[in-house]
Structures are given as structure tokens and as C-alpha cells.
Amino acid sequence: MKRIVIIVILIIATLLGVWWLSNSHGSKVDFNADVRPILNKNCLACHGGVKQQSDLSFLFVKEAFEPAKSGKRAIVPGSPRRSEMIKRIKSTDPDVMMPPDREQLTDEEIEILTRWIDQGAKVENHWAYKMPNLDLKDKSIDYFIDEKLKSEDLSFSKEASKASLLRRVSLDLTGLPPTHEEATAFLNNEGDQAYEKLVDRLLDSDHFGERWTAMWLDLARYADSQGYQKDLIRKEIWRYRDWLINAFNKDMPFDQFTVEQLAGDLLDNPEENQILATAFHRNTMTNDEGGTDDEEYRVAAVIDRVNTTFEVWQGTTISCVQCHSHPYDPIRHTEFYELYAYFNNTADADLSSDIPKKVLFSPAQRTHREQMRLELQELGDSLSEEFQTRMTDFIAVQPGAVQIMEELPSDSSRLTRVFERGNWLAHGDTVVADTPDFLPPSEYSKDRLGLAQWLVDGKNPLTSRVIVNRFWEQIFGNGLVYTLEDFGTQGIKPTHPELLDYLALRFQDEHQWSIKSLLKEMVMSKTYRQSSEISDDLYEKDRYNYLLARGPRHRLSAESIRDQALAISGLLNRKVYGPSVMPYQPEGVWNVIRHVDRWKTGLDGDQHRRGLYTFWRRVSPYPSMMSFDVPSREVCVSRRIRTNTPLQALVTMNDPVFVEASEALADRMRTEGGEDIEDQIDHGYFLALMEKPDDGKKQELLKLYHDTNESMELVANVILNLDEVIMKN
């Protein structure tokens, strides 16, 4: 009997040991998923980048393995018992317990930290700071989406109707709805390749470049004025916008697109277009107000260039590091100024003249002049009337002085010092240009060109991920990482991390940084072509469509809403490239600022050009665009926050542009739709949505027509204000 009892006790002890091992050692704690969120939430406020009380910081976790000010070690890998952190978070003594004066850690959080230390306190880089490592064989966008849907007991929705798909992809790739002729041709094409041919035609359209330039202008903080109080006009900066349109239309590889904007002037024997591209970083503001210090605002511009570069290409919010180490991400205070040093030797100096400038043609102007030169050569006879007319046109195409980036001579270069607590007057240690330690080291020159090459050499784990995420957000409505501007530890985790890595690797390797190839892969996917209809069950499970079990549905951008109304009505001036224009805006809007220039409403169709050409003054932006969430562009903005307000409906119903569009659409309905009123309404609806209205909507529109003394203008206005028209369905 005694022997049996001993055997039972041994069995129980063995089982308990196995249970303890499986729960303590066997169940591995993931630092990024389990530990880092606890430290960020509870510890970094006092022991992070901003503060290091008791000389202890958990931001750079391995430093917490060293003795703190007290001489004790917060973390002793392998020994929770000897780790001061565990003692403090378990203590109930008010003088000892951590964190003090706030809610204590939960038992679960304490248990996770204890097991982590017991397992050796292994530290991992944040997911975004590790290079993508994925087998791409037999993978696709739809593969990753389908895997996620299956794990959530969901499946793809049916394919959208041809009409919906036509409108969706046209707006996504060009920002414009298809013309009546284009819609009819596609809807009547029953071929298997009809959709792909449509996509290819849209990618080849000159309007493609306009649509994607509109996105980039927010990142470039583009404006036609200098900002601050006087907000003086920049009359020639539009040539940079033309450079962007041309670059997108020619499908300039994104690595080249990057290098030319950040450092085109530093290339060997740079072409004029490459110098023009550097106006990207001359979109910084200039303060001409009396009594301001030029050096202070030059410094502000350089700081803005650092912040913008890291937000655009690295998805990293770095502006706080101007004053102290990053609160949550492993970026030290001194590293901000090492980045600052890359930009600190440019010749601009916050002067109202915006020098340095260079007299340049835009790419479109240069192409046009070359065409005219060849035509003049063919004509030969310089005395003919036609030759004289062409020569007059040739001479009329003039360059303009555009602000560009230019390095100081080597014997005039500036010394870069750390600003203590961000104060530009309090200088600390001297630093030289370098990249942050949390990313792979740079193998390139210590200037803007070297920085640009480092960003796009394929070894940087952030660049490709960040950029494909931007384009994904534009197509699908949400980024795979929702926080486009923040891939750091406080940013929202990717919904489909492997898909993000797949797209990043495809973009820089298979697609060779081709934006058009990337976008084609997205819009050709089954995921993109789904219907956006939503069932009650799907709404309950995935209200915001993060899992992508249905097609994208969200409100159009400010530019697309305006452009669409003008296109449907037939008013749109489809001219590509050129100076900014002034469509109608209420009298006196610019009176809120000190100025000499006046708003002069465009004539001869200029008032009906696409929204991205609208003159943009930072202190007093175009009102109807602001109502639809366009930023003022004083700083870089990665993500427009979509709002839904009564002011927006007032704009689309009453703004003169939309009233004009309603009147013009009504004319089209009467002249193109035939004699019958129902046919006219069908035609107007088709122009807007590429399909005829169902019986219910048609009856409502007919009733409106008869109830308003047969006003087709009001019917047209209602069509332009339909939810289906304002939204991308």
C-alpha cells in the first residue's frame, strides 16, 4: 500500500512539473506581442524616451539590464526573483510599488513579465524594423485575403456588377468617371479580357498622373503660397506639380522618384527636370513677417524636411525627437540631429525671395517646345504666315524661376549641433549626418543623395512597406496598417502582415518599383472586384471592412467629387498640366489675411479645370475643398480623416460649381436623352452611375420633376447628390 501511495505521489509531482514547465518555460512569451504593449502602457511615461527616472529606461530594453541609479538591476534575465522590476510591480508598499500613483498592473500582466524574464528576457525588434522574409511562390493578394477570411469563418462576396466595377476602377486610377462612350464600349464588351484592357487603358491615360499627384501634394505640403502671416504668392511652384504628373504618367520607378525629389541637384550632371524635382523640399514655409529671425525659420524649415522625409518614406513620427528621445520608438534625441545634418547645408535661408531659384521649363512645356521646334523646321519658310504664327506660339512658352534645393559650397558648410530640449538657441554636442541605429546602417555619402539612396536600396525594412500601404489605402479605403503615418510601436498593427510583406517585396523586386504595376496587381485582384454590398451578419463581424470580405466603399475625395460633377455635366476642362487656376469662390474670402493679390475667377474654361489645379493659399484655402477634408498643407499629411457633415451637403447642393454642373447636366439630359422625360432621367442617371435607375428611384425622380414645375435642373442636382454618386461603391 505504501508503495502505491509513493507511486501516486510521484505521478502527481511529475504532472505538476510538466504543467509548470508548459506554462512557465514551454509557452514562449512574445516580446513584441505580449511584453512591449505592457511596457509602453505602464512604464515608458517615467522610464522611456522623455524621462529616465532613476537613470532607467525601458525604451532601449537592454539598457534596463544594467544597474540603475540605485545600483539595482530592473531586469535580470533568467531570474524574476532578482529583478527589481518584478519586486516593484508586485509590491503593495506605496513607497516602493510601481507604477506609483496610478492603476497597478493586472495579475495577467505581472505573470507575462515574470515568465518573460524567466525565459531569458529575449528582446526583439519591432515587426516593422525587420526586413520582410517571405516565400512568394504561389502567393497572391487573394491568397492572403482568403486565408484570413477562412480563419474568421467568412468568404469573398460575389463580383461587383460591370457598371459598378467600371466606375470604381475609373475613379480609383484616374479620379474621373468614364465618358458615355467609354462606358457603353466596356458594358457592351463581353470578351474575357475586357476588364484588363480597361485597366490598361486607364493606366495609360494622362489623367492617371493627375489623380496620383493629388495624393502626393498632401505629402509634399504643396501650396501656391509661402505660409505664415503674409502668405506671399509662389507664382512658379506649379511647375513642380507638373513634374509630379509627368513622373506618374511615365511610371517613373519609385526609387528614382525618391532620389530626384530629395537630391536631384546632387546627381552627376543633373538634368533640368531632376533639379525641378527638388522643389519637393522647397514647399516648406517662409516667414516674411517683420521682426522675425531668418535663421530661426530656416531652422524650422530644415526640421520640417526631416519630419516630412521620415513620415513620407518611413511611416515614422519623428517630430517629437527634436526635443527628446522618442517616447515609444527606439530613436534617440541625438539621432534626430544626425538626420538634420543631411539637410542643414542647403542654401535657402528663409528669405521672401525664396532663393535659390532656377529658371526652368516644366516637363510639359519642354515637350511642347520640342514639338513646335520640329514643326518649324518642317515648315522651313520663315516668311510664311503659318511660320510666323507658330514662332509666336513657340516664343510664348516661357520658363519661370522656381525655388529649388542647392547645397552650400564645401567651404561654407554649416556645423550641426544638437538643440538642447529642441531649443535652436541652446547648442549641445556636434554631430555629423547619419541614419538611426534601429535601421540598417547607410553605406552611402553623408549628404541628401546618400540619404535618398539609403531609403530605396532595398535593404531598408520600412520604405517599401510604407509606400505600398499608401497606395493600398487609396484603393481599398483603409491601409493594411491603418495608421499610414505611424509604423512604430504605437501604430496600429497590420491586419494582414504577410500580405503587406508580399506587396513590399513584389514592389521593389518583381515590379522594380513600378507604381503602375503595383496598382494593376491590386485592381485585378478578386479582392478588389468584390461587390460592396453588405449583409447584416458581415456588418456585425467587420463593420469597417478590415477583413476585406466585400469591395471598398467610402466617400470620394474632395477633388474627385468636384471633378466628377464637372465630368458628368460635360463642363470639365480636361487640359493636363499648367499653372494653378481660380474657380469661383465667394467674394472677400481672402480678406481674412493681409495681402495685395486678389482672387480672379478664371475664364475660358479655366474655372472648370480639375481640382488639383485649384490655387492653394495656405492661410485661406479653397473653402469647398476644406469642407471635404483637404488639409491646409502647412505640414505633411499622410491620411485625410474622412468626415460627414451638413456643410458638405450644402456645398454639393448650393456651391456655384455644383449649381453650374446641375444646369449643364440638365441640358445634356434634354438634348441627349431624347424627347421622353423618363428617357432623359435615365440618361442623366446613366451618365452618373453607368446604369439606369431602378423603378423606385425613377419614380422618385419623376415625382420631383413634376413637383418642381418640371425643373430638370433640380433633378440633375439630386442625381449629383445621390449617395451612390458621392461614394465609391
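The rules behind each value
Residue positions within a chain follow its written sequence, with the count starting from 1. Per-residue local features of the predicted model are confined to residues with pLDDT of at least 70, and side-chain atom pairs are confined, for both listing and counting, to 80 or more; whole-chain, interface and lining totals are unaffected and use all residues. By convention in this description, side-chain values take in all heavy atoms of the structure and omit both hydrogens and water. Only DSSP runs of H or I with at least four residues qualify as helices, and only runs of E with at least two residues qualify as strands; both kinds are numbered from the N terminus onward. Each residue's exposure class comes from its accessible area (1.4 Å probe, protein chains only) as a fraction of the maximum for that residue type: buried when under 20%, exposed when over 50%, partly exposed otherwise. Any pair of residues with heavy atoms lying within 4.5 Å of one another is described as a contacting pair. Only the protein chains shown count as cover for residues, and the accessible areas themselves come from Shrake-Rupley with a 1.4 Å probe. Only four residue types enter the charge count: Lys and Arg as positive, Asp and Glu as negative, with His and the chain ends excluded. Throughout, a charge is located at the NZ atom of Lys, the CZ atom of Arg, the CG atom of Asp or the CD atom of Glu. What we call a nonpolar core is a set of buried Ala, Val, Leu, Ile, Met, Phe, Trp, Tyr and Cys residues that are connected through their side-chain atoms within 4.5 Å. Only protein atoms enter the 1 Å grid used here, on which a cavity is any set of points holding a 1.4 Å probe that cannot leave and a pocket is any open set flanked by protein within 12 Å on both sides along at least five of seven lines; residues with an atom within 4 Å of a point are listed as lining. Grid points are joined across faces, edges and corners, and a volume is the space filled by probe spheres set on the points. Classes in brief: Ala, Val, Leu, Ile, Met, Phe, Trp, Tyr, Cys and Pro nonpolar; Asp, Glu, Lys and Arg charged; the others, Gly included, polar. For salt bridges, the criterion is a side-chain nitrogen of Lys or Arg within 4 Å of an Asp or Glu carboxyl oxygen. Think of a polar contact as two N or O atoms within 3.5 Å of one another; within protein, one of them needs to be a possible hydrogen donor and the other a possible acceptor, and neighboring residues in sequence only count if both atoms come from side chains. Only centres within 6.5 Å qualify two rings of Phe, Tyr or Trp (six-membered ring in Trp) as a pair; their planes then separate them into stacked at under 30 degrees, edge-to-face at over 60, and tilted for everything else. Lysine NZ or arginine CZ positioned within 6 Å of the ring centre and within 35 degrees of the ring normal marks a charge as sitting over the ring.

## Side note on the overall build of the protein
Per the secondary structure count, the protein includes 29 helices and six strands. Overall size of the protein, expressed as C-alpha extent along the three principal axes, is 115 × 70 × 50 Å. Looking at the protein residue by residue over its 729 residues, the buried ones come to 54%. Counting only contacts in the protein whose residues sit at least 6 apart along the sequence, the fraction spanning at least 24 positions is 71%. Entry remark: accessible area of the protein is about 33100 Å², with carbon and sulfur atoms responsible for 51%. Counting 87 positive and 117 negative side-chain charges, the protein places the averaged centre of each group 6 Å from the other.

## So, the nonpolar core
Ranked by internal contacts, the top residues of the largest apolar core, which has 114 residues, are Trp216, Tyr240 and Phe471. Those residues in contact with Phe471, other than ones at most four positions away along the chain, are Trp212, Met215, Phe248, Ile515, Leu518, Leu519 and Met522. Residues Ala223, Val657, Leu665 and Tyr705 belong to the second largest nonpolar core, which totals 45 residues.

## A look at the layout of surface pockets
The space that makes up the largest pocket amounts to roughly 910 Å³. What lines the largest pocket is a set of 34 residues, and nearest its centre among them are Arg553, His554, Arg555, Arg642 and Met727. Going through the elements one at a time, α18 (463–476), β5 (554–555), α24 (646–654) and α29 (723–726) are the ones with two or more residues in the lining of the largest pocket. Taken together, the residues of the lining of the largest pocket sort by class into twelve nonpolar, 13 polar and nine charged.

## So, the environment of Met690
Positionally, Met690 belongs in the loop between α26 (677–689) and α27 (695–707). Remark: the alpha-carbon pair of Met690 and Ala163, spanning 527 residues in sequence, is separated by 5.4 Å. Setting aside chain neighbours within four positions, we find Met690 in contact with Ala163, Leu166, Arg167, Pro178, Ala183, Leu187 and Tyr685.

## Concerning the side chain of Arg562
On the secondary structure map, Arg562 appears in helix α22 (residues 558–569). Buried charged residue Arg562 carries no salt bridge. Nearest counter-charge: Asp563, at 4.3 Å. In this structure Arg562 touches Pro583, Gln607, Arg609, Arg610, Gly611, Met625, Val657 and Phe658, once residues within four positions along its chain are discounted.

## What to know about the side chain of Thr483
Within the secondary structure layout, Thr483 lies in the loop between α18 and α19 (497–510). Within the structure, Thr483 has its side chain in polar contact with the backbone nitrogen of Ile492 (distance 3.1 Å). In contact with Thr483, not counting residues within four places along its chain, are Gly491, Ile492 and Arg639.

## Details of the environment of Ala223
Relative to the helices and strands, Ala223 is located in the loop between α9 (206–219) and α10 (238–249). Taking relative accessible area as the criterion, Ala223 reaches 0% and is therefore assigned buried. For Ala223, the residues in contact, after removing those within four places along its chain, are Ile237, Asn283, Trp616 and Arg618.

## Topic: the pattern of salt bridges
Applying the stated criterion across every chain, the model contains 46 salt bridges. When the shortest N-O distance is used, the salt bridge between Asp354 and Arg234 registers 2.8 Å. You can see Asp354 sitting in the loop between α14 (333–343) and β1 (357–360) and its partner Arg234 sitting in the loop between α9 and α10, a full 120 residues away along the chain. The exposure class assigned to Arg234 is buried, which follows from its relative accessible area of 4%. For Asp667, the salt bridge goes to Arg670, with nearest N and O atoms at 2.9 Å. You can see Asp667 and its partner Arg670 sitting in helix α25 (residues 656–672), three residues apart, about one turn around the helix. Within the structure, one salt-bridge network assembled from shared partners comprises Asp218, Glu559, Arg633 and Arg640.

## Things to note about the packing of aromatic side chains
Counted according to the given criterion, the structure contains 32 aromatic pairs. Each ring, one from Phe144 and one from Tyr502, has its centre 5.5 Å from the other, and the planes form 50 degrees; the classification is tilted. Separated by 358 residues along the polypeptide, Phe144 in helix α5 (residues 141–151) and Tyr502 in helix α19 bring together distant segments of the chain. There is no split in this pair, since Phe144 and Tyr502 are both buried. Ring centres of Phe507 and Trp513 lie 5.3 Å apart, and the angle between their planes is 75 degrees; on these two criteria the pair is classed as edge-to-face. Its relative accessible area of 0% is what places Phe507 among the buried residues. Exposure remark for Trp513: the relative accessible area of 6% places this residue in the buried category. Among the aromatic side chains, those forming a connected cluster through ring pairs are Trp216, Tyr240, Trp243, Phe248, Phe254, Phe257, Phe280, Trp313, Phe507 and Trp513. Its guanidinium or amino end placed over the ring of Phe394, Arg369 lies 4.2 Å from that ring's centre, counting from NZ or CZ. When the ring centre of Trp590 is taken as reference, the NZ or CZ atom of Arg617 above it lies at 4.5 Å.

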